[in-house]
Amino acid sequence: MKSSNAVTALVDIFISPSKAFNGVKEAKGWSFVAFILLAGMLAASMLAFYNKADPQFLIDQQVAAASVDATIAEQKMIRQSMEQTLDMQVWFALFGGIIGLAVINALMAGYYLFVSKQDPEANYSYGAWYGFGVWTMMPMVISSLGILILVLTASNNQLSPTLFNYASINQLLIGLEVGHPFYTMLESLNIFSIWGIVIAAVGLKCWTNFNFNKALLFAALPSIAIYGIWTVIAII
């Protein structure tokens, strides 16, 4: 079974990923459509947030997060710096986010190409794996939709930047405060990134002869390495 076109693949990637990946590996241009949707939703959520958020409250939150161990003088310098770049924050976040997606996916495409060499029959190009990586990031569309809903339904304009991490392990389960060694790490780890790993595992199984356990290991390995190193650094 496979998706018949790009639109059905955009639905199948959430409810039946194997159908989407079986369709993608034989199609051209579908991944571009997926990336446009991904970037568009990311842009929409960021624009909605910065359009509604109270600038002064936003700066207060950012200064508090960036100056946990700073002196009063250092806090003033941080505040002045953020106030000077306030009008540009939305554009830094917008273009930085989209470019970041493209760069991270470029790295992941190289990784997928490397691990696929364990299957002699998986003769997909780097470009094909780049498109593959775009589909593994599709849970971010749901994440962006959640941000849009939270922003549009907020009762006031005192929105914190932590709203972007509403589905993080820290906010959902742990509740660590700013300044804790593991705060940033657990804020970055969220249910959508875990969902993306599972989707990548399904995709690897569809595109190679890997069984699901092997595919899941390879899909999770980059995150395991990153968070493993991050944990060691936090402990030290």
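Preceding block: the structure.
Along each chain, the written sequence defines residue order, and numbers are assigned to residues from 1. Totals for whole chains, interfaces and linings use every residue, but because this is a predicted model, local features are given only for residues with pLDDT of at least 70 and side-chain atom pairs only at 80 or more, for both listing and counting. Think of the side-chain values as coming from all heavy atoms in the structure, minus any hydrogens and water.

Enquirer: Which residues make up the overall build of the protein, and what values go with them?
Expert: Think of it this way: any DSSP run of H or I at least four residues long counts as a helix, any run of E at least two long counts as a strand, and we number them from the N terminus. In terms of helices and strands, the protein carries 12 helices and 0 strands. Reading the protein from its N end, one meets helices and strands in the order α-α-α-α-α-α-α-α-α-α-α-α. Its C-alpha atoms give the protein principal-axis dimensions of about 60 × 40 × 30 Å. Only protein chains enter the accessibility calculation, which uses a 1.4 Å probe. A residue is then buried if its area is under 20% of the maximum for its type, exposed if over 50%, and partly exposed in between. In the protein, which comprises 236 residues, the share counted as buried stands at 41%.

Enquirer: So, the pattern of salt bridges: which residues are in play, and what are the values?
Expert: When a carboxyl oxygen of Asp or Glu lies within 4 Å of a side-chain nitrogen of Lys or Arg, that pair is called a salt bridge. Counted by the stated rule, this structure contains 1 salt bridge. Here glutamate 26 ties to lysine 2 by a salt bridge, and the two come within 2.5 Å at their closest N and O atoms. Taken together, the positions of glutamate 26 in the loop between helix H2 (17–24) and helix H3 (30–52) and lysine 2 in the segment before helix H1 (6–15) put the pair 24 residues apart, joining distant regions of the chain. Take glutamate 26: its relative accessible area is 55%, and that puts it in the exposed class. In this structure lysine 2 comes out as partly exposed when scored by relative accessible area, which is 46%.

Enquirer: Tell me about the nonpolar core, residues and numbers included.
Expert: By size, the foremost hydrophobic cluster in this structure holds 50 residues, and its most contacted members are Phe21, Trp135 and Leu204. Secondary structure elements with two or more residues in this core: H1, H2, H3, helix H6 (86–116), helix H7 (126–136), helix H8 (139–153), helix H11 (191–207) and helix H12 (212–235). For this core, the element with the most residues is H3, which contributes 10 residues. Setting aside anything within four residues of it in sequence, one finds tryptophan 135 in contact with Ala6, Ala9, Leu10, Ile13, Phe21, Val24, Trp30, Ser31, Ala34 and Ile199. Nonpolar cores are built from buried Ala, Val, Leu, Ile, Met, Phe, Trp, Tyr and Cys residues. Side-chain atoms within 4.5 Å join them into one set. What makes two residues a contact is simply this: any of their non-hydrogen atoms within 4.5 Å.

Enquirer: So what's going on with the environment of glutamine 158? Which residues, and what values?
Expert: Mapped onto the elements, glutamine 158 comes out in the loop between H8 and helix H9 (169–174). We classify glutamine 158 as partly exposed; its relative accessible area is 47%. When the C-alpha atoms of glutamine 158 and alanine 53 are compared, they prove to be 5.8 Å apart, with 105 residues separating the residues in sequence.

Enquirer: Go over the environment of glycine 29 with me, naming the residues and quoting the values.
Expert: In this structure, glycine 29 sits in the loop between H2 and H3. Sequence separation of glycine 29 and alanine 6 is 23 residues, and the distance between their C-alpha atoms is 8.2 Å.

Enquirer: Quick one: what's the story with the side chain of serine 3, residue by residue and with numbers?
Expert: Within the element layout of this structure, serine 3 appears in the segment before H1. Of note is the side chain of serine 3, whose polar atom sits 3.4 Å from the backbone nitrogen of alanine 20. Ignoring any residue separated from it by four or fewer positions in sequence, one finds serine 3 in contact with Thr8, Ala9, Asp12, Lys19, Ala20, Gly23 and Trp30. Here a polar contact is recorded for every N or O atom pair within 3.5 Å, except that within protein the pair must consist of a potential hydrogen donor and a potential acceptor, and residues adjacent in sequence are included only if both atoms are side-chain atoms.

Enquirer: Describe in detail H6, supporting the description with residues and values.
Expert: Expected span of a helix: the number of residues minus one, times 1.5 Å. For H6, spanning 31 residues, the distance from its first C-alpha to its last is 44 Å, which sits close to the expected 45 Å at 1.5 Å a residue. Looking only at H6, the buried set comprises Gln89, Val90, Ala93, Leu94, Leu101, Asn105, Ala109, Tyr111, Tyr112, Val115 and Ser116.

Enquirer: Quick rundown of the packing of H1 against H2? Include the residues and the values.
Expert: Note on method: axes are straight lines fitted to C-alpha atoms, helices fitted across the in-contact stretch only, with angles between N-to-C directions ranging 0 to 180 degrees. The geometry of H1 relative to H2 is characterised by a closest axis approach of 6 Å and an angle of 140 degrees between their N-to-C directions. Here H1 lies oblique to H2, going by the angle between them. For the pair H1 and H2, the contacting residues are Ala9, Asp12, Ile13 and Ile15 in the first and Pro17, Lys19, Ala20 and Phe21 in the second. Polar here means any residue outside two lists: the nonpolar Ala, Val, Leu, Ile, Met, Phe, Trp, Tyr, Cys and Pro, and the charged Asp, Glu, Lys and Arg; Gly therefore counts as polar. Counted by class, the contact of H1 with H2 contains 6 nonpolar, no polar and 2 charged residues. The cut-offs work like this: below 35 degrees is roughly parallel, past 145 is roughly antiparallel, 65 to 115 is roughly perpendicular, and the gaps in between are oblique.

Enquirer: Summarise the packing of H3 against H6; cite the residues concerned and give the values.
Expert: It is the contact of H3 with H6, at a shortest axis distance of 10 Å, that shows an interaxial angle of 160 degrees. In terms of orientation, H3 lies roughly antiparallel with respect to H6. In this structure, H3 meets H6 at a crossing whose hand is right-handed. Mapping the contact onto sequence places Phe35, Leu38, Ala39, Leu42, Ala43, Met46, Leu47 and Tyr50 in H3 and Gln89, Val90, Ala93, Leu94, Gly97, Ile98, Leu101 and Ala102 in H6. Within the contact of H3 with H6, the residues separate by chemical class into 14 nonpolar, 2 polar and no charged. The handedness criterion is simple: a crossing whose near helix is rotated anticlockwise from the far helix by less than a right angle is left-handed, and one whose near helix is rotated clockwise is right-handed.

Enquirer: Residue-level account of H2, with values.
Expert: Along H2, 6 of the 8 residues are buried, which leaves the element largely enclosed by surrounding structure. Within H2, the full set of buried residues consists of Pro17, Ala20, Phe21, Asn22, Gly23 and Val24. Buried residues along H2 sit in contact with H1, H3, H7 and H11.

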